[in-house]
Amino acid sequence: MYKGNFVSVIIASAGMSNRMGSGINKQFILIDNKPILAHTIEKFDKSKFIDEIIVVARATEIDYCKKEIIKKYGFTKVTKIVKGGKERQDSIYNGILALSDKSDIVLTHDGARPFLREELILKGINGAIEFGACVIGVPVKDTIKVVNENNQVHHTPNRALLWAAQTPQCFKTDILKKGYEYASKESIVATDDSSLVEKYGHPVKMIMGSYDNIKITTPDDLIIAESIFKNMNLNENNDGFGGIL
Ligand SMILES: Nc1ccn([C@@H]2O[C@H](COP(=O)(O)OP(=O)(O)OP(=O)(O)O)[C@@H](O)[C@H]2O)c(=O)n1
Ligand SMILES: C[C@](O)(CO)[C@H](O)COP(=O)(O)O
């Protein structure tokens, strides 16, 4: 169980939001009059399982985050706001370097995933304690095709074995650090944190997540996000596993 462990979270919010095309950092777009990033931080700030939150922001947005997000919404567990890097991986690495020496368990999370539920935080922490590394995800619903550079279908993997990785991704802190140090030494680049731990050679467990734990990436996600937000508020007991979408 999580008791006795110091649990940290790194929230990556230093991306460029290119696919959103909003002209501003998508994490500052409002849902119910509150920035997406504030919704995300709130989930961890309120959680009794979390001890420290490191926010990773663009250098030019650190002051804004301090004033308009952390101070304005009265978050108490954000210990540091550090500057991001070119890729998400670089941003998370900066967050790792800012972790408290006390950190036993670390969760990495996207600032653009505001609909995380408390039970997934606990499942992730317990998964990290039991397995050393785990990732929250959901089985894919569509058939996935692997294509070549000419869009010719190369093969169709067995859907029963395919999961979509979400965040949080949860680790014993020393294991995540080793994964990132290994990636840096070997110049390994990946789009999520657990890939680096896999490549370092530590097994990663997949933990059942929730289909409504979406990452807000493109404008159509904002329409879905409004609907998830309303549903979460209407039905606080919705466990997120039933597939409201
Ligand atoms: N250099 C980067 C890139 C991404 N992120 C964060 O990682 C999360 C997941 O990334 P994604 O949704 O791809 O965000 P962007 O990189 O901003 O999107 P895009 O690729 O459309 O520019 C986001 O919360 C984003 O802010 C980050 O902290 N630092
Ligand atoms: C970490 C992640 O959210 C898992 O789905 C995803 O890989 C982030 O990737 P992106 O390229 O930054 O969208």
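Residues numbered from 1 in each chain as written. Chains lettered and ligands numbered in written order. Predicted model: local features only at pLDDT ≥ 70, side-chain atom pairs only at ≥ 80, totals over all residues. Heavy atoms only, no water.

Chemist: In this structure, what is going on with the pattern of salt bridges? I would like to understand it.
Modeler: Two side chains that carry opposite charge are able to pair once their charged atoms sit near each other. In total, this model carries eight salt bridges according to the counting rule given. Note that Lys185 is salt-bridged to Glu186, the shortest N-O span being 3.6 Å. A residue is classified by how much of its surface remains accessible, and Glu186, at 41% relative accessible area, is partly exposed. Here the salt bridges share partners, and the residues they tie into one network are Arg88, Asp110, Arg113 and Asp193. (Salt bridge = Lys/Arg side-chain N within 4 Å of Asp/Glu carboxyl O. Buried < 20%, exposed > 50% of the residue type's maximum accessible area, 1.4 Å probe, protein only.)

Chemist: Hey, could you run me through the packing of helix α3 (residues 88-97) against helix α5 (residues 173-186) in this one?
Modeler: A pair of packed helices can be characterised by two numbers: the angle between their axes and the separation between those axes. Two numbers describe how α3 lies on α5: the axes approach to 11 Å, and their chain directions differ by 130°. With respect to α5, the axis of α3 lies oblique. The handedness of the crossing between α3 and α5 comes out as left-handed. Between α3 and α5, the residues in contact are Gln89, Ile92, Tyr93 and Ile96 and Leu176, Lys177, Tyr180, Glu181, Ala183 and Ser184, respectively. When its residues are assigned to classes, the contact of α3 with α5 shows six nonpolar, two polar and two charged. (Axes fitted to C-alpha atoms, helices over the stretch in contact; angles between N-to-C directions. Helix = DSSP H or I, 4+ residues; strand = E, 2+ residues; numbered from the N terminus. Parallel < 35°, antiparallel > 145°, perpendicular 65-115°, else oblique. Left-handed = near helix turned anticlockwise from the far one by under 90°. Contact = heavy atoms within 4.5 Å. Nonpolar A, V, L, I, M, F, W, Y, C, P; charged D, E, K, R; others polar.)

Chemist: Looking at this model, I keep getting lost on the UniProt feature "site: Positions MEP for the nucleophilic attack" (unreviewed entry) in the protein. Mind explaining?
Modeler: When the UniProt feature table is mapped onto this chain, "site: Positions MEP for the nucleophilic attack" (unreviewed entry) is found at Arg159 and Lys215. Lining the largest pocket, from the residues named above, are Lys215. Looking at the secondary structure, you find Arg159 in the loop between β9 (153-155) and β10 (163-172). In this view, Arg159 contacts Val140, Lys141, Asp142 and Thr143; residues no more than four positions away in its chain are not counted. On the secondary structure map, Lys215 appears in the loop between β11 (205-208) and α7 (219-234). (UniProt positions renumbered as here; feature names shortened; annotations may be inferred. 1 Å grid on protein atoms, 1.4 Å probe; cavity = no way out; pocket = protein on both sides within 12 Å on 5 of 7 lines; lining within 4 Å.)

Chemist: Looking at this structure, how should I read the sheet that holds β10?
Modeler: Strand pairing in a sheet relies on backbone hydrogen bonds. The paired strands run either parallel or antiparallel. Sheet architecture is open: seven strands sit in the order β5-β4-β1-β6-β10-β7-β11, paired in mixed fashion. Only two strands of the sheet have a single partner each, and these edge strands are β5 (78-83) and β11. The mean angle between the axes of side-by-side strands here comes to 25°, regardless of whether they run parallel or antiparallel. Of the strand pairs in this sheet, strand β1 (residues 7-13) and strand β4 (residues 52-57) are connected by six bridges, and their pairing is parallel. Paired with Ile10 across the bridge in β4 is Ile54. Lying on the sheet, α5 is in contact with β6 (105-110) and β10; it crosses β10 at an angle near 115°. (Pairing = 2+ DSSP bridges.)

Chemist: Could you clarify how one ought to interpret the site of ligand 2 in this entry?
Modeler: Around ligand 2, the surrounding shell consists of Arg19, Arg88, Asp110, Arg113, Ala165, Thr167, Thr191, Asp192 and Lys215. Measuring from an oxygen atom of ligand 2, one finds a side-chain N or O atom of Asp110 at 2.5 Å. Using a 2 Å cut-off from the grid points, one finds that ligand 2 occupies the largest pocket. Broken down by class, the residue content of the shell around ligand 2 amounts to one nonpolar, two polar and six charged. (Near = heavy atom within 4 Å. Polar contact = N/O pair within 3.5 Å; in protein donor to acceptor, adjacent residues only side chain to side chain. Sits in = over half its atoms within 2 Å of the grid points.)

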